[in-house]
Amino acid sequence: MMAGFLDVFRNKITASLRKDSEVRERKDIDDKIALGVLLWVVAEADKKFLPEEEEEIGNILREYSSIDKDQIPLVLNSVKEAARERIDLYAFTSELSLKLKYKARISIVEELFRVACADKDLDDNELETIRKISGLFHLSHSDFINAKIRVKKEFGMDTAGL
């Protein structure tokens, strides 16, 4: 079962973020792991992981959590390791879907598009990975398309033909 999946990576993140033996709130760590792993999986989907994508992942993680800027490299290393474990997206997103409200899942899909569009090129493999995650999150097709359009506009990308 996946019950232990987040526990393994939560421990890695917690160890990298310990500050004077203070351990961050479990939910905050779960959210960082979940978001970070999904972002990383999308960034690697086109087989060319670019500095712009890693920078965008760091920005998103800082925005969604209380991670200090100097701790981002440690968190990114843990997230990278978690993503490279070749997670079972079905099991992983199923576990997350139970914990996240619908709007939070839409927000995550938007962030996935932000990473994919960081290089101003939404690759077909990145798009299909996000589409798969969106489906596993049980998002409506219109919410998926709207997230894609919002983010592409944000990056000044063409939205014709969507």
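The rules behind each value
- Position numbers for residues count from 1 along each chain, tracking the sequence in the order it is written.
- Residue-level local features of this predicted model are given only where pLDDT is at least 70; pairs of side-chain atoms are given and counted only at 80 or more, and the full residue set underlies all totals for whole chains, interfaces and linings.
- With hydrogens and water excluded, all non-hydrogen atoms of the structure serve as input to the side-chain values.
- The numbering of helices and of strands both runs from the N terminus, where a helix is a DSSP run of H or I of at least 4 residues and a strand a run of E of at least 2.
- Polar contacts here mean pairs of N or O atoms no more than 3.5 Å apart (in protein, one a potential hydrogen donor and the other a potential acceptor; neighbouring residues in sequence count only if both atoms are side-chain atoms).
- We call two residues contacting when some pair of their heavy atoms lies within 4.5 Å.
- Residues belong to one nonpolar core when they are buried, are Ala, Val, Leu, Ile, Met, Phe, Trp, Tyr or Cys, and are joined through side-chain atoms within 4.5 Å.
- Buried means the residue's accessible area, taken with a 1.4 Å probe over protein chains only, is under 20% of the maximum for its type, while exposed means over 50%, and partly exposed covers the values in between.
- A helix is expected to reach a length of 1.5 Å times the quantity of its residues less one.
- This arc corresponds to the set of directions leading from the helix axis out to the C-beta atoms.

Engineer: What exactly am I supposed to notice about the side chain of R105 here?
Structural biologist: Its location among the elements puts R105 in helix 6 (residues 102-117). Here L100 takes part through its backbone oxygen, which lies 3.3 Å from a polar atom of the side chain of R105. Excluding residues that lie within four positions of it along the chain, R105 makes contacts with S97, L100, F137, H138 and L139.

Engineer: Even after reading the chapter, I still don't get the nonpolar core, so can you show me in this structure?
Structural biologist: Within the largest apolar cluster, 44 residues are counted, with the highest numbers of intra-cluster contacts made by L38 and F113. At the level of secondary structure, the elements contributing two or more residues to this core comprise helix 2 (26-44), helix 3 (51-64), helix 4 (72-84), helix 5 (89-99), helix 6, helix 7 (124-136) and helix 8 (141-154). Among the elements that make up this core, the one with the highest residue count is helix 2 (nine residues). Not counting chain neighbours up to four residues away, the residues in contact with L38 comprise L89, F92, T93, L96, I108, L112, I133 and F137.

Engineer: How should helix 8 be read in this particular structure?
Structural biologist: Think of an α-helix as turning once every 3.6 residues; residues three or four places apart then point the same way. Here helix 8 is 14 residues long and its end C-alpha atoms lie 20 Å apart, about the 20 Å a rise of 1.5 Å per residue gives. Residues F144, I145, A147, K148, V151 and K152 constitute the buried set of helix 8. End-on view of helix 8: buried residues confined to an arc of 160°, all on one side of the axis. At its buried positions, helix 8 is contacted by helix 6 and helix 7. In the stretch just after helix 8, G156 is the one whose phi turns positive, near 70°.

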